[in-house]
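# Structure assessment
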Protein chains: 2
Amino acid sequence: MLDDVLMKYPDPDVDYGKLISPFQAEIGHLQREILDLNIPVMIIIEGWDASGISDICNKLIRYLDPRSYRLYPVGRPKESEAEMPFLWRFALAAPEEGKFAIFDRAWYSRMIVENKENLKDVFRIKVEDIKAFERHFCDDGGVLIKIFLHISHKEQKKRFKEADSDPCRSFYLKNVDWNPKKEYPEYFSVIDEILFRTNTPNSPWEVIPAENLDYAVYRVYDTVINRLKAAVSDKLKGVETICHECPILSSGYCLPEPHAPRVLDRKEYKTKKKELGKRLSELQVELYRNKIPLVILYEGWDASGKGGAITRFTRYLNPRGYRIEPIGPPDVKEKKMGYLWRFYKRLPRPGRIVIFDRTWYGRVLVERVEGLCSDYDWKRAYTEITEFEHFIDEWGGVIVKFWIHISNEEQLDRFRAREADPDKVWKITPEDWRNREKWDQYEEAVCDMISLTHTPCCPWTIVSGNDKYSARIQTFEAVIAAVEKKLNLFK
Amino acid sequence: MLDDVLMKYPDPDVDYGKLISPFQAEIGHLQREILDLNIPVMIIIEGWDASGISDICNKLIRYLDPRSYRLYPVGRPKESEAEMPFLWRFALAAPEEGKFAIFDRAWYSRMIVENKENLKDVFRIKVEDIKAFERHFCDDGGVLIKIFLHISHKEQKKRFKEADSDPCRSFYLKNVDWNPKKEYPEYFSVIDEILFRTNTPNSPWEVIPAENLDYAVYRVYDTVINRLKAAVSDKLKGVETICHECPILSSGYCLPEPHAPRVLDRKEYKTKKKELGKRLSELQVELYRNKIPLVILYEGWDASGKGGAITRFTRYLNPRGYRIEPIGPPDVKEKKMGYLWRFYKRLPRPGRIVIFDRTWYGRVLVERVEGLCSDYDWKRAYTEITEFEHFIDEWGGVIVKFWIHISNEEQLDRFRAREADPDKVWKITPEDWRNREKWDQYEEAVCDMISLTHTPCCPWTIVSGNDKYSARIQTFEAVIAAVEKKLNLFK
């Protein structure tokens, strides 16, 4: 895609500086439409060193209302970013509905710079992650505009030479991560292949010759304005830009009977719990030492005992290293973001434990059953979720997923017991009773969820929950087994 | 305060473990009341190493709904925290209204550990900052509960010895920042003095003997429950816990005439701007090199040209190093926090520039005039704001504050011009006209603001704004002067 043959160069007879001026009013107008229509927009400006990325970013934001954009200069990750999954910091920087996130360099530059040593091996895997990440954003209604500023090796060398006499320019250019004088030819083919592989229908690349600044600015504005106009027009017409196939839902999976393998009496339970708890305390230290993040997901029927199981579990942990994240309806800010955003935000640092009480599976459970998102949204979520979990797995994390299963009759007994207890009556709401009426719909959703997201790296554990003591012990054992399995890889 | 004479020790005849059990329901109940009444609560647990801080935190959170608290284990700051003002990470961790923030160690431990070398010189200054920070929270309706877990040197040595045979315990204890075996006597008097000096009426210390864990847990719960009960009762009765005097507002300060010292023609302006712009580009590099953060505040009448001045200014900056922060009404989350929270969050990193288009002075301008906060709120804000700016100054930041002043007639002309221009008509709203009617009230507020917050470290620059060209040049010059002054200190 960097080949000269494919490029349209400036017409020497045109004054591009003049062509730019009407863009000022146009981009301001479009920006207000984008805001009204709640469309999130990401613009990434990549390019060769000294291709003028910063200049162009500064000109691009000049006529945008500062309330509606955020510019991210992407350099070396901070310590707190470097320890997280590669795409994490970009996922957090995604724009709200109606807003712009503009990246002065983005995940492409970072993928290259951070994997210089074995780039050819790495990038084919990473490129798949990047494509998944971009697809999540676009399928959710986002507009992703990707621009690459192209200059020749000769021009690049000339610019570096000129910068030597300008202390400001040379300061910024000296801060780059590799030696561009030597490495241009080496990277040319790699970048070309990356651009080619990530040139998807929903987020195509625009390669812009940047040897003439006015022309480059003109082309950037032209690209951005055309993409925004198309997005506004599609949204007004109600065009859904479906580009991703949904999996077929006919798994035939059925939940097992929720009776405990063995009902435990109080004494057996206490003894067992203490013994496993001691092991958990030890494993927490091992996770910390080996910098392994642990994510535990608790899903299950209402009143299946998620909260109780979590409280028993955390008793054995040091509070400096774990956090419970109860997941309710998204807040105002979260509603304006992709549904995975709030989970990216809550991931543990390496060596820490995060316990989710309800999880991202809400997308295919409550949001599906209650119609809180479109069919298209929840149907493609199975793939999105497995990809998201794959990011965590690749990063070195352990994921343990519980479905705590109780029978319909057991739930009824527990609801009634809660209503009769003055200290627990606040736990039961009319909503719980309404959900209960939809048991069959939920059961179908649960079966689909388990069969479609039970992956080798992140399998489900179905906990037989009718006996609370036994259920808690099952969760302890499953976490211990998963962590020990991971730690064995380190030996 | 650590003296034995002042301490109440456990009664050997009492089973404190048993006394704890009714607390479970009580704390759950109080927590729901706190949520209903929108009271933010901070609990900090400090104490000697091996005094059982983590154990106690884990027991304290056990019966709290995880939706309503967040536990902060406070250790060495991350790179991204260490470069910011000392109290910054704690300010960001403050709880929302109705929520709990629990600190497993807090700013006291960090002040001591981070200033070990010259503690005696440092802590008297830092203690004043801490008191200001705590006062801001309490005056705003927050409940701050400060607990210190006290054990004797003998007990501490015993615990360290015992931990040697327990790999989990010894792991956590080995992670501490100083050698507790030797340093207990040395720190005793320092900690004693710090506790004494920060034992304020609104946030008193509770020193709890922690040699017997059950007793310590009992006392912690008892303290927390009593403080929460008192807060709930005060709030229901409408008691305002005013503990801070408000400054007297009778400065007699008057705004000068907003005519430019010299009206510039377009050519003079362009020449001057280019020359100053070049200097700005250079200074941005110097700020970056010297890791100095720069905060520029633009306040001024509606249509005084803040936005235009900012756009001209940023043209000369590299977008990797600056950010414009337009300040409108707080969002849902921000409304639940103290009014300074969103500004802490937006401070620049060292070496970066943040430009605020409207600022924290909204508290004493729009919030005062429109009655969006109580008299008590805005009257004490002058002190709070100067203290906040003092934090930034102490940290090494440069603050430049502009009031862009135009005459009443000039504003009218500009409003009319905007209404007549189809590309600018969206900029003018009925609210602007309503504000204009309150010109006199705003003028009074502006005069009070300038006279009460014009401090040696953060003085105001009054920009004569009737001539736009001249106004912009004045802002360029003021920023350059302030930055050069700061840089001279480094030579």
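Residues numbered from 1 in each chain as written. Chains lettered and ligands numbered in written order. Predicted model: local features only at pLDDT ≥ 70, side-chain atom pairs only at ≥ 80, totals over all residues. Heavy atoms only, no water.

Chain A appears in an unreviewed UniProt entry as Polyphosphate kinase 2 from Methanoplanus limicola DSM 2279.

### Overview of the packing of aromatic side chains
Just so we agree on the cut-off: To pair, rings of Phe, Tyr and Trp, with the six-membered ring standing in for Trp, must have centres within 6.5 Å; the planes then decide the type, stacked if under 30 degrees apart, edge-to-face if over 60, and tilted in the middle. Under the DSSP-based scheme used, a helix requires at least four consecutive residues in state H or I and a strand at least two consecutive residues in state E, with every element numbered from the N terminus. A 1.4 Å probe rolled over the protein chains alone gives each residue an accessible area, and that area as a share of the maximum for its type sets the label: buried under 20%, exposed over 50%, partly exposed in between.
As enumerated under the stated definition, the model contains 62 aromatic pairs over all chains in all. On the numbers, 6.1 Å between centres and 75 degrees between planes, the contact of Tyr 316 of chain A with Phe 476 of chain A is edge-to-face. In this pair, Tyr 316 of chain A sits in the loop between helix H13 (306–314) and strand S7 (322–326) while Phe 476 of chain A sits in helix H21 (residues 468–488), placing the two residues 160 residues apart along the sequence. Taking relative accessible area as the criterion, Phe 476 of chain A reaches 0% and is therefore assigned buried. An angle of 75 degrees between the planes, with centres 4.8 Å apart, marks the rings of Tyr 16 of chain B and Tyr 215 of chain B as edge-to-face. Placement of Tyr 16 of chain B in helix H1 (residues 16–20) and of Tyr 215 of chain B in helix H11 (residues 213–237) is noted, with a sequence separation of 199 residues between them.

### Focus on the UniProt feature "domain: Polyphosphate kinase-2-related" (unreviewed entry) in chain A
Stated precisely, the cut-off is as follows: UniProt positions are given in the numbering used here, feature names are shortened, and annotations may be inferred rather than shown by experiment.
UniProt's entry tags residues 20–231 and 264–486 of chain A with the feature "domain: Polyphosphate kinase-2-related" (unreviewed entry), counted in the numbering of this structure. With 55% helix and 13% strand, residues 264–486 of chain A has end C-alpha atoms that lie 29 Å from one another.

### Side note on helix H7 (residues 119–139) of chain A
All names here are of chain A. Quick note on the threshold: Multiplying one less than the number of residues by 1.5 Å gives the expected span of a helix. A residue's bend is given by the angle between axes fitted to the 7 residues ending at it and the 7 residues starting at it.
Relative to the 30 Å expected for 21 residues at 1.5 Å per residue, H7 spans 29 Å between its end C-alpha atoms, a close match to the ideal helical length. Within H7, the axis deviates most sharply at Ile 125, by approximately 25 degrees. A positive backbone phi angle near 100 degrees is found at Gly 141, which sits one or two residues after H7.

### Structural notes on the pattern of salt bridges
What counts is decided by this rule: Salt bridges are defined by distance alone: a side-chain nitrogen of Lys or Arg within 4 Å of a carboxyl oxygen of Asp or Glu.
The final tally for this structure, using the stated rule, is 78 salt bridges over all chains. Among the salt bridges present, the one from Asp 65 of chain A reaches Arg 67 of chain A, with a minimum N-O distance of 3.0 Å. A relative accessible area of 14% places Asp 65 of chain A in the buried class. Arg 67 of chain A gets classed as exposed once you look at its relative accessible area, which sits at 54%. Note that Arg 358 of chain B and Glu 299 of chain B form a salt bridge whose closest N and O atoms lie 3.7 Å from each other.

### Re the interface of chain A and chain B
For the record, the criterion: In this analysis, two residues are considered to be in contact whenever any of their non-hydrogen atoms come within 4.5 Å of each other. What gets called buried area is simply the loss in accessible area from a 1.4 Å probe that two parts show on being joined, summed for both. Think of a polar contact as two N or O atoms within 3.5 Å of one another; within protein, one of them needs to be a possible hydrogen donor and the other a possible acceptor, and neighboring residues in sequence only count if both atoms come from side chains. For this classification, the nonpolar set comprises Ala, Val, Leu, Ile, Met, Phe, Trp, Tyr, Cys and Pro, the charged set comprises Asp, Glu, Lys and Arg, and every other residue, Gly included, is treated as polar.
Contact with chain A, which involves 46 residues of that partner, is made by 46 residues of chain B. Roughly 4,200 Å² of surface becomes buried between chain A and chain B when both sides are summed, with 58% attributable to carbon and sulfur atoms. Looking only at chain A, the three residues that lose the most surface to chain B are Arg 62, Tyr 172 and Arg 320 of chain A, adding up to 15% of its buried area. Between chain A and chain B we count two salt bridges in total. Across the pair Arg 320 of chain B and Asp 104 of chain A runs a salt bridge whose closest N-O atoms are separated by 2.8 Å. Taken together, the connections running from chain A to chain B amount to eleven residue pairs in polar contact (both at pLDDT 80 or more). Sorting the residues of the side of chain A that touches chain B by element identifies helix H2 (23–36), helix H3 (53–61), strand S2 (69–73), helix H4 (79–82), helix H9 (167–174), helix H12 (266–289), H13 and S7 of chain A as the ones contributing at least two each. Taken together, the residues that form the side of chain A that touches chain B break down as 20 nonpolar, nine polar and 17 charged.

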